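Below are the chains, spelled out letter by letter.
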Amino acid sequence: MLWNRFEQDRKKLNIFYEPHFEPNSGLTSPAQIREELLKLEAGMSGQPHPIIKARAFEYVVTNAAIQVNPIDWFGVNLAGWIPGFPQNEPNVPLKVLTQKWMNDVPLTDEFKAASAGIDESGAGAFWCDYDHSVPDWDSITKLGFSGLLDRARKYRDRKIAEGSLSEDQKVYYEAIEIVYTSILSFMDRVIAVANRHKQEDEHCPLMVECLENLRNGAPSTLYEMMMQTYLYQLLQQYVEMIQVRTIGNIDVDYYPFYKKDVENGILDAEKAKELFKYFMDKFQQEGHLHAQPAYLGGFDENGNSLINELSYIILDAHAECHLINPKLHIKVMPNTPDDFLKKALNMIRHGCNCIVFVNEELGIRLSKKLGRTDEECRRLVATGCNNFASRGKETTPEHMYVNLAKTIELALNNGVDPTTGLFVGEKTGECEAIRSFDEFYEAVKKQAMCLIHKAFVISDYYDSHLLDYNPAPMYSATMTDSLSCGRDAYADGMKYNNTVIFLSCHATAADSLMMVKKYVFEKKVVTLSELRDILNSNWEGHEDLRNQMWRDEEKFGNDMERPDAIAVDFTNFTSNIVTSRKTIRGGRFVVNGESIWFANKFGDKCGATPDGRKKGDILSKNMGASMGMARKGITALIKSVTKIDATNFAYGAPFDYMLHPSVTQGEEGLDAMLGLLRTFMKRGGYGMQGNVCDANTLKDAQQHPENYENLQVRICGWNWYFNKMEKLYQDEFIRRAEYNE
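Rules used throughout
- Residues numbered from 1 in each chain as written.
- Predicted model: local features only at pLDDT ≥ 70, side-chain atom pairs only at ≥ 80, totals over all residues.
- Heavy atoms only, no water.
- Pairing = 2+ DSSP bridges.
- Helix = DSSP H or I, 4+ residues; strand = E, 2+ residues; numbered from the N terminus.
- Axes fitted to C-alpha atoms, helices over the stretch in contact; angles between N-to-C directions.
- Buried < 20%, exposed > 50% of the residue type's maximum accessible area, 1.4 Å probe, protein only.
- Arc of directions from axis to C-beta.
- Contact = heavy atoms within 4.5 Å.
- Expected span 1.5 Å × (residues − 1).
- Polar contact = N/O pair within 3.5 Å; in protein donor to acceptor, adjacent residues only side chain to side chain.
- Parallel < 35°, antiparallel > 145°, perpendicular 65-115°, else oblique.
- Left-handed = near helix turned anticlockwise from the far one by under 90°.
- Nonpolar A, V, L, I, M, F, W, Y, C, P; charged D, E, K, R; others polar.

Enquirer: Got a sec to walk through the sheet that holds strand β15 (residues 687–692)? Specific residues and values, please.
Expert: The strand order across the open sheet formed by five strands is β4-β5-β6-β15-β14, and the pairing between neighbours is mixed. The strands lining the two open edges of the sheet, one partner per strand, are β4 (293–296) and β14 (654–659). Recorded for the sheet is a direction-independent mean angle of 25 degrees between the axes of neighbouring strands. Of the pairings in the sheet, the one linking β14 to β15 comprises six bridges and is parallel in character. Looking at β15, one finds that aspartate 656 is bridged to glutamine 689.

Following this line, the structure appears as structure tokens:
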């Protein structure tokens, strides 16, 4: 039987956690593969890193064992990498080289000074980032692996003919040659293994045919399009070690193939839905901690919505499988069909909530601020957690998070983190010398400016070594800009070489500023130096004051003029600092307003804050209010959030909501959800995501996990199954739900 068998096959599809590699097809031990890679690197000492990286890639795809699961439409895997879900990143074989190369490059004194104490104090977090890459899916699916190789050769040969090929460019093209030649050999290996199992299942002969076609050319059917996407993602993400932060516009780009298959009698809607179940289940099995993005929707050159029949099929397949991976970005325009949006919202209210709605009109506006062309604005990629990027035209490393809430504590303590005693900010004066709120606010702004300038130093350092640490020939070969100039896409080979700085936890900062203004300088309940001492003792002996400031309604998220004005001013100020600088790669610094899990991690290291928060408690998350502070309902919360100019946050400004199931029931509840979404988009919000749940259900799931196997919660830019979360995070969601009731 060829069709109608996904559910019966599903338990046999997990080739990553329960691999069965083909006997005698290669090495199966990740440790042995890493050891061999280190030997290879030692033997190539002195050669350029792109060449060593390419040879390492070649070694893995040539020598790692192969698995082909004959019952699975997409059952291809190779040894060497280890899934890390639910708590860790996957262990990728070439990481052993990038870690070594990072350690080989000495840190500059400037970097050491900028990074000193940042992590320990909770003032920020940083690392060298290759996690937000989007290959040019147009090139991949139009050319296939062999076509990408041929195109790279043409660019190289043109430079040779012109006499302009430099030594660095020679290295660049040679690395691509090595990688893509080895990919074609890998395809030959996979086809050989698949042929051995050809008679074991009706899926397998079709898989062999698909693989053979992709070995020699571009996809021509929906199945081949999916297989091309899956294989490319598998190799770039888990061998080249450059994450693929979207598998593409899977309804729009796949639709012509679907339509052609239907016309040719190959597929119908039900068969296509089943194919998508097998396809999407592969990314579920990969178990990426932050989930694998894909996006739906868009608009054509006439402004018409590109939502189509396949868009609905994909939502149905996703919902019926109870997946958390891939996560789906839905691009929303005013003419996006209501029935499609309601279908997605219905999924969310029934617990399938790995969906973020991103505002494409806003994406166009912020893209024009960045200088993107009209055509680039029309074809924006939805990537990462909730971000927009130019399709096939840019790289966006994200090296540092800045904790805006920490600026309050630093201003109160003259640049010193009181918990660690580390000086991580700027000397802005002792509290006793500050005579007005304006002076205190100026001190907070100086602390923010100090942390952002440290983020510049750290980001510049990492940007200058991207090619040293982890060159990306496979990824670069998909990009015409990179091929044209003969420069790695992560060096300065793209039209837009932008670098992202995160400005996180703004609402805690705004609420704290509001409370200082009100209780210190207006009501004069406490002096600034007294408040500093109270906070450094974690409110001990001053619970009444804490309760008074905690319960004060004049907080961001309630559509109140004064706290919202502070939030707007502070985010404008900090984002303008970031965007005032260019990167050393010739691009721009741009802002993301996400906090993801750092709302917790930064909170662990932050002392008590004037908004009534205790030491170690969670900070505000993403663009929303602090936990428990939005007391006037979701409409007021949306009004507060959308007062902030989201075009200043070119790479993300997500808003998280939590709704009680009682307000989403029936057609009336669905209409209410749609109304909130449309209001958010109309008011210029960036991205909207959230949960429909109640505290009692979450508590029961915590006590009886066996009854809630598929219960999902939206963490930030991704979902987890509630029962696979640490208790710490479970308790946080329960508290949020309790505040919402």
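Enquirer: Provide a residue-level description of helix α24 (residues 543–551), including the pertinent values.
Expert: Leu545, Arg546, Met549 and Trp550 are the residues of α24 that are buried. Viewed end-on, α24 has its buried residues packed into an arc of 130 degrees, placing them on one side of the element. In α24, the exposed positions that point more than 90 degrees away from the buried face belong to Asp544 and Arg551. Contacts made by the buried residues of α24 are with α22 (506–522), α23 (528–536) and α30 (727–739).

Enquirer: Tell me about helix α12 (residues 269–286), and name the residues and values.
Expert: Helix length check: α12 (18 residues) gives 26 Å between terminal C-alpha atoms against 26 Å at 1.5 Å per residue, within 8%. For α12, the N-terminal capping position is held by aspartate 268, with its side-chain oxygen 3.2 Å away from the main-chain nitrogen of glutamate 270. In the stretch just after α12, glycine 287 is the one whose phi turns positive, near 70 degrees.

Enquirer: How would you summarise the packing of α12 against helix α13 (residues 309–321) if you had to cite specific residues and measurements?
Expert: Between α12 and α13, whose axes approach to 9 Å, the crossing angle comes to 55 degrees. If you check the angle between α12 and α13, you find them oblique. Judged by the twist between their axes, the crossing of α12 over α13 is right-handed. Residues Ala269, Ala272, Lys273, Phe276, Lys277 and Met280 of α12 lie in contact with α13, whose contacting residues are Glu309, Leu310, Ile313, Ile314, Asp316, Ala317, His318, Glu320 and Cys321. Here the contact of α12 with α13 is composed, by residue class, of nine nonpolar, one polar and five charged.

Enquirer: Describe the pairing of strand β12 (residues 499–504), naming the residues involved and giving the relevant values.
Expert: When you tally the buried positions in β12, you get six out of six residues, the bulk of the element. The side-chain alternation of β12 yields two buried faces, one formed by Thr499, Ile501 and Leu503 and the other by Val500, Phe502 and Ser504. With five bridges connecting them, strand β10 (residues 398–403) and β12 associate as parallel partners. For glutamate 398, the partnering residue across the bridge sits in β12 and is valine 500. Pairing between β12 and strand β13 (residues 589–592): four bridges, direction parallel. What sits directly across from isoleucine 501, in β13, is valine 591.

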